[in-house]
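Structural features, examined
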Amino acid sequence: MNQTASVKSKKPSVTTADIAFVALSAAIITICAWISIPTVVPFTLQTFAVFAISGIFGLKRSVLSMGVYLLLAAIGVPVLSGFKGGFDKLVGTTGGYILGFVFIAVIVGYTSDRFGRRVLPLVLSMLLGLLLCYTFGTAWFMLIYARTSGSVGLGTVLGWCVLPFILPDCIKLACAVVLANRVGKYVKA
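Below, the structure is looked at part by part. What you are looking at is a predicted structure, and each value in this text was computed from that prediction instead of being measured.

1. Some thoughts on unusual backbone geometry
Unlike most non-glycine residues, F83 shows phi in positive territory, near 55 degrees. Looking at where F83 falls in the secondary structure, it is placed in the loop between α3 (46–74) and α4 (87–90).

Dropping the structure here:
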């Protein structure tokens, strides 16, 4: 077998299907970021999209999707909540929670690849991803806030940025598990 034949038979690491799924996923995350549910503390469906995409598409596609989404946000495309974008939003006080979506994508995507889309592994991985997202985002918030506005206590930041979102995020997590479990079997890896 010559070298040309062995190169042709090698499967590409990123396929056309991957590119299509990544583009679609970044668009879905964007649309869900724009949907704001008015409550005492308004929340978006962005976390739901990250959970669902990671559970459905697995590690490679979900991490690539988050990379594309974050790149679009960084260059100023209005993909974030409130139709906002820009590097300043990613490095601002709440940017750590957006960057923390990468933890969700890695953990849930890996779990989906490794264990399929079974309910218990998906729930546990989404909870772990959310916990890491909250932890990273809270530490980031405290660091940036201290640099720009002065010291702030952990309890205060948790009251502002985490506690009001726990119940909505758990509801989004449950819906994403159901969606990933039912739709994921139709998605070719």
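Moving on, there is more to tell.
2. Re helix α9 (residues 163–183)
Given a rise of 1.5 Å per residue, 21 residues ought to cover 30 Å, and the 30 Å separating the end C-alpha atoms of α9 matches this to within 8%. Turning to α9, its buried residues number three or more, namely P168, D169, K172, L173, A176, V177 and A180. The inward-facing, buried residues of α9 contact β2 (43–44), α3 and α7 (119–148).

3. What to know about the packing of α3 against helix α6 (residues 101–115)
Where α3 meets α6, the axes come as close as 7 Å, and the angle between the chain directions of the two elements is 110 degrees. The pairing of α3 with α6 is recorded here as roughly perpendicular in orientation. Among the residues forming the contact of α3 with α6, the class breakdown is 13 nonpolar, eight polar and two charged.

4. Observations concerning the nonpolar core
With 38 residues, the main nonpolar core has I29, F51, M66, Y69, F101, I104 and M126 as its most contacted residues. Counting only elements with at least two residues in this core, the list comes to α2 (16–34), α3, α5 (95–99), α6, α7, α8 (154–161) and α9. By residue number, the principal contributor to this core is α3, which donates eleven residues. Filtering out sequence-adjacent residues up to four positions away, Y69 remains in contact with A26, I29, T30, A33, Q46, V79 and L80.

5. Quick look at the packing of aromatic side chains
Per the counting criterion, the structure on display carries seven aromatic pairs. Taking 5.7 Å as the distance between ring centres and 40 degrees as the angle between the ring planes, the aromatic pair formed by F136 and W140 counts as tilted. Placement of both F136 and W140 in helix α7 is noted, with a separation of four residues, approximately one turn of the helix. Here a set of aromatic residues connected by ring pairs shows up, and it is made of F103, F136 and W140. Here R114 stacks its cationic end above the ring of F115, 5.2 Å away from the centre of that ring.

6. Concerning α7
Look at α7: 42 Å from first C-alpha to last across 30 residues, which is about the 44 Å you get at 1.5 Å a residue. Once α7 ends, the next one or two residues include G150, with phi positive near 115 degrees.

7. Topic: the side chain of S54
Within the element layout of this structure, S54 appears in helix α3. S54 sits in the buried class, given a relative accessible area of 1%. Polar contacts involving the side chain of S54 include one to the main-chain carbonyl oxygen of V50, which spans 2.8 Å.

8. Side note on the pattern of salt bridges
Following the criterion strictly, the structure yields three salt bridges and no others. Note that D18 is salt-bridged to R61, the shortest N-O span being 2.6 Å. Remark: R61 occurs in helix α3 and D18 occurs in helix α2; sequence separation between them is 43 residues. Note on R61: relative accessible area 5%, which makes it buried. The shortest N-O distance in the salt bridge between K172 and D169 comes to 2.9 Å. Residue K172 and its partner D169 are located together in helix α9, separated by three residues, close to a single helical turn. Each member of the pair, K172 together with D169, is buried. Within the structure, one salt-bridge network assembled from shared partners comprises D18, K60 and R61.

9. Some points on the packing of α3 against α9
Two numbers describe how α3 lies on α9: the axes approach to 8 Å, and their chain directions differ by 30 degrees. With respect to each other, α3 and α9 are oriented roughly parallel. When the axes of α3 and α9 are compared, the crossing they make is right-handed. Packed against α3, whose contacting residues are T47, F48, F51, A52, G55 and I56, the element α9 presents D169, K172, L173, C175, A176, L179, A180 and V183 at the interface. Residue composition of the contact of α3 with α9, grouped by class: ten nonpolar, two polar and two charged.

Scoring rules and cut-offs
Residues numbered from 1 in each chain as written. Predicted model: local features only at pLDDT ≥ 70, side-chain atom pairs only at ≥ 80, totals over all residues. Heavy atoms only, no water. Helix = DSSP H or I, 4+ residues; strand = E, 2+ residues; numbered from the N terminus. Expected span 1.5 Å × (residues − 1). Buried < 20%, exposed > 50% of the residue type's maximum accessible area, 1.4 Å probe, protein only. Contact = heavy atoms within 4.5 Å. Axes fitted to C-alpha atoms, helices over the stretch in contact; angles between N-to-C directions. Parallel < 35°, antiparallel > 145°, perpendicular 65-115°, else oblique. Nonpolar A, V, L, I, M, F, W, Y, C, P; charged D, E, K, R; others polar. Core = buried A, V, L, I, M, F, W, Y, C linked by side-chain atoms within 4.5 Å. Phe/Tyr/Trp six-rings, centres within 6.5 Å; stacked < 30°, edge-to-face > 60°. Lys NZ or Arg CZ within 6 Å of the ring centre and 35° of its normal. Polar contact = N/O pair within 3.5 Å; in protein donor to acceptor, adjacent residues only side chain to side chain. Salt bridge = Lys/Arg side-chain N within 4 Å of Asp/Glu carboxyl O. Left-handed = near helix turned anticlockwise from the far one by under 90°.

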